[in-house]
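A look at the structure
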Amino acid sequence: WKFVLLGTFADLANNSERWLKGDRIDPITLKITAIGLIGAESSDGVSDGNVRAASIVKSARRARRMTPEFTEYLKARLNEALPNEVLRAALEEALGELATTSVREDRVHAAYLASINDEGLQQLERDLIQIDRIGMLTSTPAAITLIEHVKDSSDLRRARLLAEAGGDRAVALVKQDGAGALRIADTGIKWTQQLMLQVMGLTASGLALLYVMIATFRRNVRLPKKVEPSGI
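Residues numbered from 1 in each chain as written. Predicted model: local features only at pLDDT ≥ 70, side-chain atom pairs only at ≥ 80, totals over all residues. Heavy atoms only, no water.

**Some words on helix 7 (residues 101-115)**
Residues lying three or four places apart along an α-helix face the same way, a consequence of the helix completing one turn every 3.6 residues. Worth spelling out the cut-off: Here a helix means four or more residues in a row that DSSP labels H or I, a strand means two or more in a row labelled E, and each is numbered from the N terminus. An expected span of 1.5 Å times one less than the residue number is assigned to each helix. Only protein chains enter the accessibility calculation, which uses a 1.4 Å probe; a residue whose area is less than 20% of its type maximum is buried, one above 50% is exposed, and one in between is partly exposed. Note that the arc is defined by the directions from the helix axis to the C-beta atoms. Contacts: residue pairs with any heavy atoms within 4.5 Å of one another.
Over its 15 residues, helix 7 runs 21 Å from end to end, which matches the ideal 21 Å to within 8%, given 1.5 Å per residue. Along helix 7, the residues that are buried comprise R104, V108, H109, A111, Y112 and S115. For helix 7, the angular spread of buried residues about the axis comes to 160 degrees, placing them on one side. Seen from the open side of helix 7, the exposed residues pointing more than 90 degrees away from its buried face are D106 and A114. Taken together, the buried residues of helix 7 touch helix 2 (9-21), helix 3 (27-40), helix 5 (68-81) and helix 6 (84-94).

**A closer look at the environment of L82**
Examined against the element boundaries, L82 turns out to sit in the loop between helix 5 and helix 6. Sequence separation of L82 and L121 is 39 residues, and the distance between their C-alpha atoms is 7.8 Å. Those residues in contact with L82 that lie beyond four places of it in its chain are K31, I35, L87, Y112, S115 and I116.

**Notes on the pattern of salt bridges**
What counts is decided by this rule: Every case where a carboxyl oxygen of Asp or Glu lies within 4 Å of a side-chain nitrogen of Lys or Arg is listed as a salt bridge.
Counted by the stated rule, this structure contains eleven salt bridges. A salt bridge links D132 to R52, with the shortest nitrogen-to-oxygen separation between them at 2.6 Å. Linking D132 in helix 8 (residues 118-137) with R52 in helix 4 (residues 45-62), this pair joins segments that are 80 residues apart in sequence. The shortest N-O distance in the salt bridge between R77 and E80 comes to 3.7 Å. With R77 and E80 both in helix 5 and three residues apart, this pair spans about one turn of that helix. Under the relative-accessibility criterion, E80 is labelled partly exposed at 38%. Connected via shared salt-bridge partners are R77, E80 and D127.

Given below as structure tokens:
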């Protein structure tokens with residue numbers, strides 16, 4: 001199932017070659033796929049979490065549901081884990097000669113492994129753990145909705161707190177209040193599912209009351225008619 005979500009090393013080799021040639025390949029998708037595929041070969045909890053988080057990020061990128069700020073943030077994090085200069089040199093060497101498909105895959109695999117900066121990867125994995133946790137508490141579509149308004153690591157933590165408190169119910173709050181919903185998790189209050197439902201109910205009631213007030217105002221308040229000047 002892991003490879004179904006992320007593709008294969010053959011796909012990664014082809015996309016890496018296109019990236020070297022200057023084709024329009026999303027570097028975030030390329031690198032997160034590589035990290036996910038490498039993690040899929042391991043069976044420890046961190047690697048499994050990387051795979052799940054990578055699939056969520058990849059789906060969010062395809063759906064274009066990621067803020068420009070978070071896009072730049074992730075791009076920087078991934079560049080620390082897989083530095084462009086190091087990776088490009090390794091891939092150029094790996095793909096420089098003709099080879100069979102299996103040999104190409106092995107060479108590309110080795111190129112990505114050799115290019116990983118361990119310290120940068122550890123920093124990235126802190127964010128991937130948050131994304132994975134959101135996905136585990138909800139679902140991939142719900143996780144995409146929750147991170148849709150995220151701009152940085154602080155927002156990502158807030159999204160995770162919302163998922164911890166409300167699970168799939170947190171999605172309704174984010175859909176209703178957008179980025180403002182993330183600020184709810186920043187108040188220092190211990191959020192529970194019951195409290196989350198109460199907040200959602202109050203928010204819905206407030207919006208309904210506002211609509212009724214506006215409708216009543218427009219129905220009952222009439223502007224005075226403009227008096228036309230007489231011809232005398």
